[in-house]
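So you can see what is in the structure, the chains are spelled out below.
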Amino acid sequence: MLIQEQRVLEAEIIALADKHGRKRSALLPILLAIQEKYHYINKFAMQEVAALLDIHPVEVYGVVRFYSFLHAERRGSVMIRMCRSLSCDLAGKDAVARQIENDLGIKFGETTADGRFSLEYAQCLGQCDRGPALLVGDQLHAQVKCSQIHTILEQARAAFGVYPLRHAGVAHSPHFHYDPMAGRAS
Amino acid sequence: MSTKPQDILLGVDVPIDAGLQRAAGGPTQAIIDEVRASGLRGRGGAGFPTATKWQLAKDATGEAKFVVCNADEGEPGTFKDRVLLTERADLVFEGMALAGRAIGASQGIVYLRGEYRYLRAHLESVLSARRDRRVLGTAILGIPGFDFDIEIHMGAGAYVCGEETALIESLEGHRGEPRNRPPFPVNTGFFGQPTIVNNVETLALAARIVHRGGAWFAGFGTPASRGYKLFSVSGDCEKPGVYELPMGIKVMELLELVGGLHAKAVQVGGASGRCISRAEFDRSLCFEDLATGGAIMVIGPGRDMLRVAKNFLEFFVEESCGQCTPCRAGNVALLEGIELLIAGRCSMAHLHELKSLGETMRLTAKCGLGQSSPQAFLSIVEQFSDEVLGQQPRA
Ligand SMILES: Cc1cc2nc3c(=O)[nH]c(=O)nc-3n(C[C@H](O)[C@H](O)[C@H](O)COP(=O)(O)O)c2cc1C
Ligand code: SF4
Ligand code: FES
């Protein structure tokens, strides 16, 4: 990390500590904010946070290692989390998982060479009535079909600014299922 | 007075803040008494009587008290809390305010699982609309001294944080490792202060109960399991979704409703629940019989039960916090056992060893995760022994 980058990160962490309070209970919100912006929490950041909250850096490291949404090693700008729990399995998650690997050119647990996407399995995403389900960043996709993967990835590239916007109207995509009541019994 | 299930939580015309209007100005004990009369038991799975929990927290002394809404919903197969947070957030927050009034807390916290972050903006906007309507914040409904506000705290991807003491550890900025109980959170909770942790559905129901009265709710269900319950139904059925049904409904009746009568097996209670075969489909879904947080996973004919058991054990191996040996090592050993069964290389003697390991875990694990994790395995090898033994090696 360059000195200038460290200075910027340091200032950001101070701002986060001021926002959430310099207390132990602020640790997770601060770490989640760093994770979101930098896609991982490096040693320098852990030390800074530890100093500001007056705890040992090893404590911070222990917390980072505990939660699956926090990473000590760099991840892609967009995290793709595919549910691997039973209902999505019954709904055919394996085929969708294979197609994601094909369209991204990486396996689960890997990050694309350009650092844009990481691919991971997650446990139940709470969308079991409309699996297979996956999260692309914070965006939820349900009842995903293999043929939709390409479009979903293209939308992610556009929506997350990974490269300049090419398609308009991303949020209104037919593949972006926001209606959590779909399929509910009436 | 309607008795249609939709009218309790999921009906189109469920009134908002009617419970708050009715009870906010009265004595705080009356809120707890109404909940006690309803017989409401916690909807997060364990079924602890809600009024008892509230009474303990009310009677406890502390500098501050807290109401925590457990929105960590991580049990595989469960999604009813997501539906409530999306469709009935007002009711959940109303329930929290009533709980706060009842126990004397002025702060509420929603612990929202990281996977539901897409719901956060919606929840924040409901909260701010409530502040505008004076049903949240200081002097709620103009009542001096009735101060209660709610903040949302994000989880970060750990199933065990749904366990109430792990949840509190997480709120305090620690690894989500369950604590020994006792002491219980009602005495020594968030920052050592009296804290009630309740499931999303429990809180929403409390709001309805305070409005309609405990007797109304107690009129449904069974003697030990009053009222209605939300069931999250998924898997091999025609109509998956959330169903609001009376406690005590038989598995068979539920399968008929959801178009799953052909099922070979049903996993009741998610990964930590138990698997039942057709022979048990006349059992009832209630605390007296098949207790559940509401997850019903329908497993259709032709499904491989070892694949089902493996899926659950992989879940527990990944989600165990690793604090205690029975759970940390036990789930790995059970998973290896499943792999032996899949390879067709498990002797009956070894299967017996695995079963007794499962029993040991049930008795000696520190928290509910390790105590319940062997259940799916045990029930599957029990019910489907002829299917799981003597498998031919697969290509
Ligand atoms: C491993 C584990 C995970 C749990 N996850 C949840 C959860 O996601 N939501 C929930 O309400 N309760 C969960 N519980 C139960 C809580 O510990 C606690 O009993 C519950 O939140 C109490 O609320 P209730 O009385 O309203 O049900 C979990 C328990 C264990 C052991
Ligand atoms: S039973 Fe499992 S999850 Fe619970 S404390 Fe022990 S290791 Fe942790
Ligand atoms: S099993 Fe995939 S979302 Fe629940």
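A. Inspection of the domain arrangement of chain B at higher detail. All names here are of chain B. According to the domain assignment, chain B contains domain 1 (18-218), domain 2 (228-299) and domain 3 (305-389). For domain 1 versus domain 2, the distance between C-alpha centres works out to 26 Å. Each partner contributes to the roughly 1,300 Å² buried at the junction of domain 1 and domain 2, and carbon and sulfur atoms together form 62% of this total. Among the residues of domain 1 in contact with domain 2, Arg43, Phe79 and Lys80 are the three that bury the most area, contributing 35% of the side total. On the surface where domain 1 and domain 2 come into contact, there are one salt bridge. Close ionic contact of Lys229 with Glu201 constitutes a salt bridge, the shortest N to O distance being 2.7 Å. Where domain 1 packs against domain 2, one counts seven residue pairs in polar contact (both at pLDDT 80 or more). Elements with a contribution of two residues or more to the side of domain 1 that touches domain 2: helix H4 (80-87) and helix H8 (200-212).

B. Geometry of the site of ligand 1. Residues and elements named next belong to chain B. Residues in contact with ligand 1 amount to 18 residues; listed here are only the nearest, Gly44, Asn70, Asn198, Asn199 and Thr202. Contact distances for ligand 1 include 3.1 Å between an oxygen atom and a side-chain N or O atom of Lys53. The side chain of Asn199 places a nitrogen or oxygen atom 2.7 Å from an oxygen atom of ligand 1. Within the complex, 89% of the 610 Å² of free accessible area of ligand 1 lies under protein. If you list the elements that add at least two residues to the shell around ligand 1, you get strand E4 (195-199) and helix H14 (368-372). At three residues, E4 tops the list of elements feeding residues into the shell around ligand 1. For the shell around ligand 1, the per-class residue count stands at three nonpolar, nine polar and six charged.

Thresholds applied
- Residues numbered from 1 in each chain as written.
- Chains lettered and ligands numbered in written order.
- Predicted model: local features only at pLDDT ≥ 70, side-chain atom pairs only at ≥ 80, totals over all residues.
- Heavy atoms only, no water.
- Domains from an automatic or database assignment.
- Buried area = accessible area lost by both parts, 1.4 Å probe.
- Salt bridge = Lys/Arg side-chain N within 4 Å of Asp/Glu carboxyl O.
- Polar contact = N/O pair within 3.5 Å; in protein donor to acceptor, adjacent residues only side chain to side chain.
- Helix = DSSP H or I, 4+ residues; strand = E, 2+ residues; numbered from the N terminus.
- Near = heavy atom within 4 Å.
- Areas by Shrake-Rupley, 256 points an atom, 1.4 Å probe, with all protein chains shown as cover.
- Nonpolar A, V, L, I, M, F, W, Y, C, P; charged D, E, K, R; others polar.

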